Each structure stands twice: as structure tokens, then as C-alpha cells.
Protein chains: 2
Amino acid sequence: MNSPRILEIRRSVLEKNDVLAQNLRARFTAAGVLVINLVSSPGAGKTALLEATLRHLRENGIGAAALVGDLATDNDAQRLARSGAPVRQIVTGGNCHLEADMIETHLADWGLALDSLDCLFIENVGNLVCPASYDLGEHLRVVLFSVTEGEDKPLKYPIIFNTADVAIITKIDLAAAVEFDRDAATAAIHAVHPGISILETSAKTGKGMSNWLDYLNTCRNSFALHRITP
Amino acid sequence: MNSPRILEIRRSVLEKNDVLAQNLRARFTAAGVLVINLVSSPGAGKTALLEATLRHLRENGIGAAALVGDLATDNDAQRLARSGAPVRQIVTGGNCHLEADMIETHLADWGLALDSLDCLFIENVGNLVCPASYDLGEHLRVVLFSVTEGEDKPLKYPIIFNTADVAIITKIDLAAAVEFDRDAATAAIHAVHPGISILETSAKTGKGMSNWLDYLNTCRNSFALHRITP
């Protein structure tokens, strides 16, 4: 029940965001930084996965940094900084998602040398709805979905699963405790996004982390190849 | 971020919503129906709690019905209908929250006799951000928060915890498996909403359900009292 006027305003906000996002992506690509946007509902485990990922990349000499969005607090930035990677918190105030201009502003303030990085992760606000509509200039959108959320969530939040490049089922260590139905979850994800790659991880036990890191490495390689191939 | 024009439009949408919500609340109060708005992140267990609640109320001769909001699918309405209570699904399309005009429209189409009801539950879209800003004419706003989401979520999503009348910590059967820190969670909830009542439930084991049903009963009684007291 939005009026045509509201819909028109919303369209113009999205169009403005898309232009900014395209410029950001061109900048990231030129600097050789693969940018990954992590989206999920609150508490699906974005920060835990990201902390482990940053730690691993750093140990392997891969330059990575993170921008992390939350309505309030810098808890996540503090957690992520333990990995040793450069991290910056974006506090959105009331905003339920990140937008391209927030990324642009914070990058400018941060003074991070993009050229020195291999990967930049953006941890979005925990929300399965609104972040789906906002391109942040990323190359890769990763949707996380924990076994505790219920297998039908992809059917109920189709846009975010449809616009993601890969889905990660998290907290797989809890699968038995919550009687997680893997086939039903996979079917739900593929119903809204046929053929999307699905990974499984547990930040607690480390299960599946090597598959995720291999996936990321493949993306980095094909990104590098794509950049130098005309 | 947002231009003054966007903020102005948003304010006018909220003001329009508030007027509609106040009218709805007056109608609900006149009909003697206690209206409860359930909010949480996706997968926190709103539907499971509501199904058990509807079943219990029905068995005890208390007339209850439910309106349930989702971006897509009528899965939740189908689940809730198993309780035998009248249930209607609101599919919001792209909208990340329910608004008062959706409640008004669906009530009109539904043809539900409000006078015959004691309680009407509204299950909001799973989202810890946007539903906080939209009054639906409810008398009671209940925020659910599962032990798997992380104890600091109230600090990161303060508005929804601040605007709720009661907080329910759900999936308490998983507390040990996820090493849930009850004191930290309670402190986080009380930091953003001092003194709010906190209940704990498990829809799986039934633990805490009687406390929740007692709480609901107390609200019903004080609502009835309030209505007849000038």
C-alpha cells in the first residue's frame, strides 16, 4: 500500500544508489580488490564467519579489510579487529541496510589504500529484506542462513536469495539439535535461485571452512583473470 | 544517506500510519479484542509460539485469531490454521514490514466478527528493524529473540526492543548447545529497555509456555478491566 508518489521516490533512491554502486565497483575493480557483501538475518553468523575468514587470509598473506554495518554499537568491529585486519564500523542510526553512499563516505574518511588490498568484505545490517535492494558495488553477494532459522526461509525471503551469488548454511554443528532438514533447505534455496552454489559451515567447529576459503580463492583467481583479460 | 526530502516523505508516511493505527486500536478496544503484535528476526520462532498459543487458547474457550505477514508464501498461515483458529495471510510483496493500512484492508476483506474474539495476534514480517516504526493498532508488542542469535542483538537493534512491551527469549532448549549467556542477554535487553519483562520459552519442549500464557491472561484481564473502568 504505497502510493505512486512513494514508489516513485523509492525508485529514484534506488537508481541513485545503483549509479554510485557502479562507480564504486569500477574503482574496486581498477584497484584489484575483490569486494564481498555478506547479507543475512540478525544472528546468522556473519561476524563469526568473517572473523575466521579474515584471520585465515591474513595468515596466508592475503590483504583483507572489512566494513561492518549495524544500527547501533561497534561490537562487530571490535570482534573483527581481533583478526588483525583493518576494520571500520558503519553505524547506520535507524537505517535498516547499507547504501552505496555510506560505503563511499566511509572509504573516503577511512583513508584505506585500496591498492594494497586483495579483498574487502562488507558485513551488511542483519536483515533478510532491505539489503537485497541495495547494490554496494560488490563483486560477490553472499547470503548466510543458519540451520536454526527454519528450512522455508528462502521461500519467504526470495529476493535476497535470488540476488546472492552463493548461499552459506551456517551453524551446521546445530543441525542435529534442531532436526535440520538439509534436503528441504536445499530445495527451498534452489526454488528461488536455481543452481546457486550452497556451502555449509560451522564457525564453532571449523567444519566447511576450507570449502568456503577454496570458493573464495577461486573467486579471487577468476576476478584477477577477468581483470587482465580484455 | 537520506536527503531531507526523503526524510520528510518518510515522516509523512509514519504520521499517516499512526493515525490509521490509532483508529484501529479504538476499534479493537471497542470490540473488546486484545491485539498482540509479534516481532522478531526471521526464524526466531514467532509461528511456533503462536501455533502453540492459539491451540491453548482454543482449548480453553478463548476466541483467538491471527493475521500473519510475510514477503511471500502462505506457509505460516497454513501452519497456524492447524490450531483450528481463524488465520489470514498477508503477503506483503516486497514490503519488509506490516503497516496499519494492510491490517485495515485485510480485516475488511476477511469479514471476521471482531466482537466474537478475545485476542487477535498479528505476526509481523521477520525483521528486527523496520516493523519497530509501524504501529499496527496493537495493545501489546511482543519481541522474540532466540538463544541462537547472540546475546548482544538487543544492543544492535535497540528500537525494536525499546518499543516492545515484553521480550521473549525463545528456543531455550538450545541454550546449552549454543552456550547461551542468560545474564549477558538480560543485561543487553535491560540496557535498551530498563525494566521490561523477560520470559523464556521453548516451543519444542513446552518449557516456559505456562508463564507466557499466564502473562497473556493477566494482560487480557487488565485490558478488560481498563475497558470498563472510566
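Residues numbered from 1 in each chain as written. Chains lettered and ligands numbered in written order. Predicted model: local features only at pLDDT ≥ 70, side-chain atom pairs only at ≥ 80, totals over all residues. Heavy atoms only, no water.

Thoughts on the relation of the copies chain B and chain A
Here comes step 1: With an RMSD of 0.0 Å, the fit of chain B onto chain A corresponds to turning through 180 degrees and sliding 0.0 Å along the axis. Classification of the inter-copy transformation places it as that of a two-fold axis.
Here comes step 2: In this assembly the copies share their binding face: 100% of the residues contributing to the interface of chain B also contribute to that of chain A. (Least-squares fit on C-alpha atoms with pLDDT ≥ 70 in both. Contact = heavy atoms within 4.5 Å.)

Regarding empty space enclosed by the protein
Here comes step 1: With the rule as written, the count across this model stands at 1 cavity of 30 Å³ or more.
Here comes step 2: In this structure, the largest cavity is lined by 16 residues; those nearest its centre are Pro42, Thr148 and Glu149 of chain A together with Thr148 and Glu149 of chain B.
Here comes step 3: Tallied by class, the residues present in the lining of the largest cavity amount to 4 nonpolar, 8 polar and 4 charged. (1 Å grid on protein atoms, 1.4 Å probe; cavity = no way out; pocket = protein on both sides within 12 Å on 5 of 7 lines; lining within 4 Å. Points joined across faces, edges and corners; volume = space filled by probe spheres on them. Nonpolar A, V, L, I, M, F, W, Y, C, P; charged D, E, K, R; others polar.)

A few points about the pairing of strand S4 (residues 119-123) of chain A
All names here are of chain A.
Here comes step 1: With 5 of its 5 residues buried, S4 lies for the most part within the structure.
Here comes step 2: Burial along S4 is two-sided: the face carrying Cys119, Phe121 and Glu123 and the face carrying Leu120 and Ile122 are both buried.
Here comes step 3: Relative to S4, strand S1 (residues 34-39) runs parallel, the two being bridged by 5 bridges. What sits directly across from Leu34, in S4, is Cys119. (Buried < 20%, exposed > 50% of the residue type's maximum accessible area, 1.4 Å probe, protein only. Helix = DSSP H or I, 4+ residues; strand = E, 2+ residues; numbered from the N terminus. Pairing = 2+ DSSP bridges.)

Things to note about the sheet that holds S4 of chain A
Residues and elements named next belong to chain A.
Here comes step 1: Here 7 strands make up an open sheet; going across it, the order is S3-S2-S4-S1-S5-S6-S7 and the pairing parallel. Here the strands that pair on one side only, and so sit at the sheet edges, are strand S3 (87-91) and strand S7 (197-200). Going across the sheet, the axis of each strand differs from the next one's by a mean of 20 degrees, ignoring polarity.
Here comes step 2: Against the sheet, helix H7 (residues 182-192) contacts strand S5 (140-146), strand S6 (166-170) and S7, and its axis sits at roughly 145 degrees relative to S7. (Axes fitted to C-alpha atoms, helices over the stretch in contact; angles between N-to-C directions.)

Some remarks on the pattern of salt bridges
Here comes step 1: Scanning all chains against the criterion turns up 20 salt bridges over all chains.
Here comes step 2: Residue Asp70 of chain A pairs with Lys156 of chain B through a salt bridge whose shortest N-O separation is 3.7 Å. With Asp70 of chain A in strand S2 (residues 64-70) and Lys156 of chain B in helix H5 (residues 153-156), this residue pair bridges two chains.
Here comes step 3: What makes Asp70 of chain A buried here is its relative accessible area of 2%.
Here comes step 4: The residue Glu200 of chain B makes a salt bridge to Arg182 of chain B at a minimum N-O spacing of 2.5 Å. With Glu200 of chain B in strand S7 (residues 197-200) and Arg182 of chain B in helix H7 (residues 182-192), this pair connects stretches of sequence that are 18 residues apart.
Here comes step 5: For Glu200 of chain B, a relative accessible area of 24% gives the class partly exposed.
Here comes step 6: Connected via shared salt-bridge partners are Glu51, Arg55 and Arg82 of chain A. (Salt bridge = Lys/Arg side-chain N within 4 Å of Asp/Glu carboxyl O.)

Looking at the interface of chain B and chain A
Here comes step 1: Counting from both sides, the interface comprises 42 residues of chain B and, opposite them, 42 residues of chain A.
Here comes step 2: Of the roughly 3,500 Å² buried between chain B and chain A, counting both surfaces, carbon and sulfur atoms make up 60%.
Here comes step 3: Where chain B touches chain A, the interface holds 13 residue pairs in polar contact (both at pLDDT 80 or more).
Here comes step 4: The dominant element in the side of chain B that touches chain A, judged by the number of residues it contributes, is helix H1 (residues 4-31) of chain B, at 4 residues.
Here comes step 5: In terms of residue class, the side of chain B that touches chain A is made up of 19 nonpolar, 11 polar and 12 charged. (Buried area = accessible area lost by both parts, 1.4 Å probe. Polar contact = N/O pair within 3.5 Å; in protein donor to acceptor, adjacent residues only side chain to side chain.)

Considerations on helix H2 (residues 46-59) of chain B
All names here are of chain B.
Here comes step 1: Taking 1.5 Å per residue, 14 residues should reach 20 Å; H2 reaches 20 Å between its end C-alpha atoms and fits that length.
Here comes step 2: Those residues of H2 lying buried are Lys46, Thr47, Leu49, Leu50, Glu51, Thr53, Leu54 and Leu57.
Here comes step 3: Positive backbone phi, approximately 70 degrees, marks Gly61, located one or two places after H2. (Expected span 1.5 Å × (residues − 1).)

A closer look at the nonpolar core
Here comes step 1: Counting 50 residues, the largest nonpolar core has Val143, Ile160 and Phe161 of chain A together with Val143, Ile160 and Phe161 of chain B as its most contacted members.
Here comes step 2: If you list the elements that add at least two residues to this core, you get S5, helix H6 (158-162), S6 and H7 of chain A together with strand S5 (140-146), helix H6 (158-162), strand S6 (166-170) and H7 of chain B.
Here comes step 3: With residues up to four places along the chain from it excluded, the contact list for Ile160 of chain A reads Val39, Asn127, Leu128, Val129, Pro131, Ala132 and Val143 of chain A. (Core = buried A, V, L, I, M, F, W, Y, C linked by side-chain atoms within 4.5 Å.)

Comments concerning the packing of aromatic side chains
Describing an aromatic ring pair means giving the distance of the ring centres and the angle of the ring planes.
Residues and elements named next belong to chain A.
Here comes step 1: In this structure the tally under the stated criterion is 4 aromatic pairs over all chains.
Here comes step 2: Plain terms: the ring middles of Phe145 and Phe161 are 5.6 Å apart, the flat faces sit at 90 degrees to each other, and that makes the pair edge-to-face. Of this pair, Phe145 sits in strand S5 while Phe161 sits in helix H6; the two residues are 16 residues apart in sequence, bridging distant segments of the chain. In terms of burial, Phe145 and Phe161 fall into one category: buried. (Phe/Tyr/Trp six-rings, centres within 6.5 Å; stacked < 30°, edge-to-face > 60°.)

With respect to the environment of Leu20 of chain A
Residue and element names in this part refer to chain A.
Here comes step 1: As for its placement among the helices and strands, Leu20 is situated in helix H1 (residues 4-31).
Here comes step 2: Considered as a pair, Leu20 and Cys96 are 76 residues apart in the sequence and their alpha carbons are 19 Å apart.
Here comes step 3: Leaving out residues up to four positions away in the same chain, Leu20 has contacts with Ala100, Asp101 and Glu104.

Focus: the side chain of Thr92 of chain A
Residue and element names in this part refer to chain A.
Here comes step 1: Within the secondary structure layout, Thr92 lies in the loop between S3 and helix H4 (100-110).
Here comes step 2: A polar atom in the side chain of Thr92 sits 2.6 Å from the backbone oxygen of Asn95.
Here comes step 3: With near-sequence residues (within four places) excluded, Thr92 lies in contact with Asp70, Leu71, His97, Leu98, Met102 and Val125.

Looking at the environment of Glu59 of chain B
Residues and elements named next belong to chain B.
Here comes step 1: With respect to the helices and strands, Glu59 occurs in helix H2.
Here comes step 2: Overall, Glu59 belongs to the exposed group, its relative accessible area being 63%.
Here comes step 3: It is 14 Å that separates the C-alpha atoms of Glu59 and Leu117, two residues lying 58 residues apart in sequence.

Remarks on H7 of chain A
All names here are of chain A.
Here comes step 1: Among the residues of H7, Ala185, Ala188, Ile189 and Val192 are the ones counted as buried. Taken end-on, H7 shows its buried residues confined to a sector of 95 degrees, consistent with a single buried face. Away from its buried face by more than 90 degrees, H7 exposes Asp183 and Ala191.
Here comes step 2: If you follow the buried residues of H7, they end up packed against S5, helix H5 (153-156), H6, S6 and S7. (Arc of directions from axis to C-beta.)

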